[in-house]
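# Understanding the architecture of this molecule
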Amino acid sequence: MAVKLKYGSSTRGASEAPFGYRVLRAFLVLLLGCAVASVAVFGYYYIHYKHVVDDRLASGHLFASVSQIYAAPKQVRDGQKLTADAIAADLRRAGYNVNPKLGTYNLTGDSIFIKPGPESYHSTDGATIRTSRGVVTSITAENGAALSGYELEPQLITALSEDANRTKRRMVSYSDIPPRMVQAVTAIEDRRFFEHSGVDYVRIAKCAVQDVLSHHMSCGGSTLTQQLARGFFLSPEKHLIRKAKEVLITFQLEARFSKQQIFEMYANEINLGQRGSYAINGFGEASQTYFGKPLRQLDTAQCALLAGMIQSPSRLNPYRHPERAMARRNLVLDSMVETGAITEQEATVAKAEPLHLAPPNIDASEAPYFVDLVHDQLVQRIGDQDLAHQNLRIYTSLDPDLQRAATEAVEVGMKSIDELVRKLHRPRKGQVEKPFSYPQVALIALDPHTGQILALVGGRNYGASQLNHAIAKRPTGSTFKPFVYAAAYNTSLNGTALGDTGGVFTALTQLNDDSTTFMFGGKPYTPGNFVKGEYPGMVTADTALVHSLNIATISLAQMVGFGNVAALARSAGLTSVEGTPSAAIGAYGATPLELAGAYTVFANNGVHLTPWMLASVRNSNGDIVSDFAPDARQVLDPRVAFLTQSMMEDVMNHGTGLAARAHGFTAPAAGKTGTEHDAWFAGYTSNLLCIVWVGNDDYTDLKIQGADAAAPIWAEFMNRAIKLPQYSDVKSFTPPSGITEATIDKTTNLLANSSCPDNTMTVAFLDGTAPVNTCSQMTESPQNFIEKIFGIGGHKDNAQPPAQPQSAPPATPHAPAQPPNQALPAEPAQPVQQKKKNIFQKIFGGGGNKNNQQQPQQEPPPQ
């Protein structure tokens, strides 16, 4: 049976089908268009950021080569207290064996063979150093010749900061990074780093959900490569556009570099906090900053600490927040257990380890004030402001051991000074404490025979203030007085009688320390002594300097000629001094660095040495770019230098310098205190010269004398210095030819003999100027009763004219063969005596103007 099926009209279906197709087609076209547009936009930005990366990689490296600053080479001497192990440790820190091009060493028992490489500071001549029981017994060159000394490779101090943000980094290669460091970072920051292609999509999705739920974009879903991309090219703000850019750069980095190269770049770029005013970037710099050793020497706990700091370097700073830092470190160790990098037992041992942080003082390890001065001098001499990026090796004068000693001495000394300042400003009962500030400090240490700046501290805390007080001019106070006495000795070289003393100048010349008004330029000038109201009358020149008597010193300067005193000071580098009465007591300014240079004329046989810090500049291959020679010139006759120095030895042993002795410094030394609103101490031994300054930045009176503020710091530093092998060999000062040393009776100022053996002192004289009479020769004794009454007699003529002056040592190039001894015309400065002693005061001593002195025109009198 046939069945017919009847279909309805197909017109409607035909009309509906094309509409659906059209919608689908339109959707597909739109989708395709969006895809094409997205590809085009992605391609545009991919190419754009490819150029961005290309520009950064134009030199072949993501990091600029940074110029490095090195210390002075340490010298090993025959007979020095030093072990072969200590020498090996020093060479290892310098990079020997790690970088064979720099040099190698071979340690065998108590013997070490050293072989500098082609990139060494030194020539490639090697040497063998043998030691026995902690003492160097022999030094032998490769050719078998015996050597008295051998210089080791200079140590790296720091790098010049890279930019205006004062960024510091120490570049490391992937091979320098300990495996524990890699494991610690990946465990806490990016566990799938070696597996993903730069972006961890699963982690991003989790973080997106977390941020939506918390209404705060705080989740860190970035991989190490993304962090690197952000750090190099982008700002740290979190928003979608920046995230897209970050991903594009991440793809570029992943396409160009291996995982090891990416991790190496990350290890050198990541910020790990701040040290003083410097930003610490990279694990290499952070390892030195926080632990004081190279990255490859870190243990598991230390690696975990640095890895933990990545999250928030400031909040997790181990110096400021040790508990937080330790908690974060332990979290990293737990993460390392989870990833299988370490066992539970290893984690437990590492968690029990203290932080073992290096001392936080940047001044001790990196000498930042010194480094700033090095940079400034390089700009002046080489003339290129972009020195940091020239990959130079800058060799300097610094001794790291002595720099550490200087920083520690300043730190100890300033604590005591702060306590004195608090006592001075402590309010009386019922009074309100007024605001006050703590003083600043500077310390300079030189080799007095080379001018080499061995240590420099320019302030109490570089992080708080970068103002370098070592180069700030301040009135020198009584540290200037030795130049007055040296100028007086200059007049004795040709036998000229000094003023109205009746003879040539010696340490026993009588000077008047009664209250006196000096007329200069038509104006009166009435100075006082440091101890107000104390005027001892006639005193010897030695006593005047030993006890820092102002009026006697100005009287002497007047007899010598104020202009002559100023000329001598200027020739010694104190360029601001003028020929006025107040110059004699240090009214004019000088920087601590200038005063250190000036004192070399006393410590170095009359030869002035300009303090220097730059020795040589080399390129990355070790080739010399520039060498620098120190400037030296003869300023004083060696005999004058020694005679002045001899008086400064008395200052140390019997006068204002006793404060240094009271702090335990007993080695032979010469020095002088100074107090002129600020506190000074200038002193030296046979192998080390040190200047200490303490004062207020606002120029207000410190109200603490040099003996109480600066001398203790000086003694603290010198006590530490002489414990170092290179400064332990302190010798007594040796007089040059033409000097006679005599034992003098202090009561009569005549030669001592068996009748007056108890109250004596040793005094240095120019040949032919020492007293000829003895204390027992009563016919030539000091003034008798009648002479005391009428003011006659005495021993003005006991000092004989000196022997014919011997010529000075050969002068250095561009310097006169003889020091300038010719006198300038004396200024019309006439003393006006305020009050003479009466008859009883003449007989029994005392008197003067203890209660009638006028107020001086100048600042409070220096000591």
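Residues numbered from 1 in each chain as written. Predicted model: local features only at pLDDT ≥ 70, side-chain atom pairs only at ≥ 80, totals over all residues. Heavy atoms only, no water.

Okay, the overall build of the protein chain next. Helix and strand counts for the protein chain come out as 24 helices and 31 strands. Taken across its 863 residues, the protein chain has 52% of its residues classed as buried. Restricting the contact set of the protein chain to residue pairs at least 6 apart, pairs at least 24 apart contribute 68%. Carbon and sulfur atoms form 55% of the exposed surface of the protein chain, whose accessible area is close to 39,400 Å². (Helix = DSSP H or I, 4+ residues; strand = E, 2+ residues; numbered from the N terminus. Buried < 20%, exposed > 50% of the residue type's maximum accessible area, 1.4 Å probe, protein only. Contact = heavy atoms within 4.5 Å. Areas by Shrake-Rupley, 256 points an atom, 1.4 Å probe, with all protein chains shown as cover.)

This next bit is on the sheet that holds strand β28 (residues 739–745). Strand order across the open sheet formed by three strands is β29-β28-β30, with antiparallel pairing between neighbours. Single-partner strands in this sheet number two, and they are β29 (750–751) and β30 (760–766). As judged from the two bridges shared by β28 and β29, these two strands associate in the antiparallel manner. For Asp745, the partnering residue across the bridge sits in β29 and is Leu750. On top of the sheet, helix α20 (residues 638–654) reaches β28 and β30; it is set at about 160 degrees to β30, its chief contact. (Pairing = 2+ DSSP bridges. Axes fitted to C-alpha atoms, helices over the stretch in contact; angles between N-to-C directions.)

Across a sheet, strands are paired by hydrogen bonds formed along the backbone, either parallel or antiparallel in direction. Spatially, the five strands line up as an open sheet ordered β8-β1-β12-β22-β23, and their pairing is mixed. Here the strands that pair on one side only, and so sit at the sheet edges, are β8 (156–159) and β23 (624–627). Strand after strand, the sheet turns through a mean of 20 degrees between neighbouring axes, direction not considered. With respect to the sheet, helix α13 (residues 368–382) is in contact with β1 (68–70), β8, β12 (393–396) and β22 (614–618), its orientation differing from that of β22 by roughly 65 degrees.

This next bit is on the pairing of strand β27 (residues 689–695). Within β27, seven of the seven residues are buried, which leaves it mostly tucked inside the rest of the structure. Burial along β27 is two-sided: Leu689, Ile691, Trp693 and Gly695 facing one way and Cys690, Val692 and Val694 facing the other are all buried. Here seven bridges tie strand β13 (residues 440–446) to β27, and the two strands are oriented antiparallel to one another. Among the inter-strand pairings, Ala445 is bridged to a residue of β27, identified as Cys690. As defined by bridge partners, strand β26 (residues 678–684) adjoins β27 across six bridges and the pair is classed as antiparallel. Of the residues in β27, the one forming a bridge with Trp680 is Trp693.

Among the surface-exposed residues, Leu24, Phe27, Leu28 and Leu31 lie close enough to one another that they form a single nonpolar patch of about 400 Å² accessible area. Tracing the backbone shows Leu24 in helix α1 (residues 11–56). (Patch = residues over 30% accessible without salt bridge, like charges linked within 9 Å, V, L, I, M, F, W, Y side chains within 5 Å. Salt bridge = Lys/Arg side-chain N within 4 Å of Asp/Glu carboxyl O.)

Applying the stated rule across the entire model yields 23 salt bridges. Between Arg180 and Glu346 there is a salt bridge, with the nearest N and O atoms lying 3.5 Å from each other. One end of the pair, Arg180, is in helix α3 (residues 179–189); the other, Glu346, is in helix α11 (residues 344–351), and 166 residues separate them in sequence. For Asp637, the salt bridge identified is with Arg639, shortest N-O distance 3.0 Å. One exposure class covers both Asp637 and Arg639, and it is buried.

To continue, consider the packing of α3 against helix α10 (residues 322–338). In contact at an axis separation of 8 Å, α3 and α10 are set at 95 degrees when each is read in the N-to-C sense. On the basis of the axis angle, α3 is roughly perpendicular to α10. The segment α3 lies against α10, with Arg180, Gln183, Ala184, Ala187, Ile188 and Glu189 engaging Arg328, Leu331, Val332, Ser335 and Met336. Here the residues of the contact of α3 with α10 are counted per class, giving six nonpolar, two polar and three charged. (Parallel < 35°, antiparallel > 145°, perpendicular 65-115°, else oblique. Nonpolar A, V, L, I, M, F, W, Y, C, P; charged D, E, K, R; others polar.)

Here we take up unusual backbone geometry. Not every positive phi belongs to a glycine, and Asn97 is a case in point at roughly 75 degrees. Secondary-structure assignment places Asn97 in the loop between α2 (84–94) and β3 (103–108). Residue class for Asn97 comes out partly exposed when judged on its relative accessible area of 37%. For Tyr699, which is not glycine, the phi dihedral falls at a positive 70 degrees. Topologically, Tyr699 is positioned in the loop between β27 and α22 (706–721).

A word on the pairing of β22. Counting buried positions along β22 yields five of five residues, so the element is predominantly enclosed. When β12 meets β22, the two strands line up antiparallel, connected through four bridges. From the neighbouring strand, Ile394 faces β22, where its bridge partner is Val617. Relative to β23, β22 runs antiparallel, the two being bridged by three bridges. Within β23, the position partnered with Val617 by the bridge is Ser626.

This part is about the confidence of the model for the protein chain. Across the protein chain, the average pLDDT comes to 82, with 79% of residues at or above 70. Here helix α24 (residues 839–844) is the element of the protein chain with the lowest mean pLDDT, 35, and helix α19 (residues 592–603) is the one with the highest, 98. Between residues 1–15, whose pLDDT stays under 50, and residues either more than four places distant or in other chains, the model counts zero contacts. (pLDDT = per-residue confidence, 0-100.)

Turning our eyes to something else, we now look at α10. Here α10 contains 17 residues, and its C-alpha end-to-end distance of 24 Å stays within 8% of the 24 Å for a straight helix at 1.5 Å per residue. All of the buried residues along α10 are Ala325, Arg328, Arg329, Asn330, Val332, Leu333, Ser335, Met336 and Val337. Along its buried surface, α10 packs onto α3, α9 (300–309) and α11. Just downstream of α10, Gly340 is the residue with a positive phi angle, here 85 degrees. (Expected span 1.5 Å × (residues − 1).)

Another point: the packing of aromatic side chains. Overall, the coordinates contain 19 aromatic pairs when judged by the stated rule. Consider the rings of Tyr174 and Phe263, whose centres lie 6.2 Å apart with planes at 90 degrees: the pair is edge-to-face. Pair noted here: Tyr174 is in the loop between β9 (167–168) and α3 and Phe263 is in helix α7 (residues 259–269), with a separation of 89 residues, a long-range link. With 4.8 Å between their ring centres and 75 degrees between their planes, Tyr489 and Phe505 make a pair best called edge-to-face. One end of the pair, Tyr489, is in helix α15 (residues 481–492); the other, Phe505, is in the loop between α15 and β16 (510–512), and 16 residues separate them in sequence. Judged by relative accessible area, which is 1%, Phe505 ranks as buried. Members of the aromatic cluster, connected to one another through ring pairs, are Tyr174, Phe193, Phe194, Phe263 and Tyr266. Seen from the ring of Phe193, Lys259 lies directly overhead, with NZ or CZ sitting 4.6 Å from the centre. Positioned above the aromatic ring of Tyr699 is the side chain of Arg474, whose terminal nitrogen or guanidinium carbon lies 3.9 Å from the ring centre. (Phe/Tyr/Trp six-rings, centres within 6.5 Å; stacked < 30°, edge-to-face > 60°. Lys NZ or Arg CZ within 6 Å of the ring centre and 35° of its normal.)

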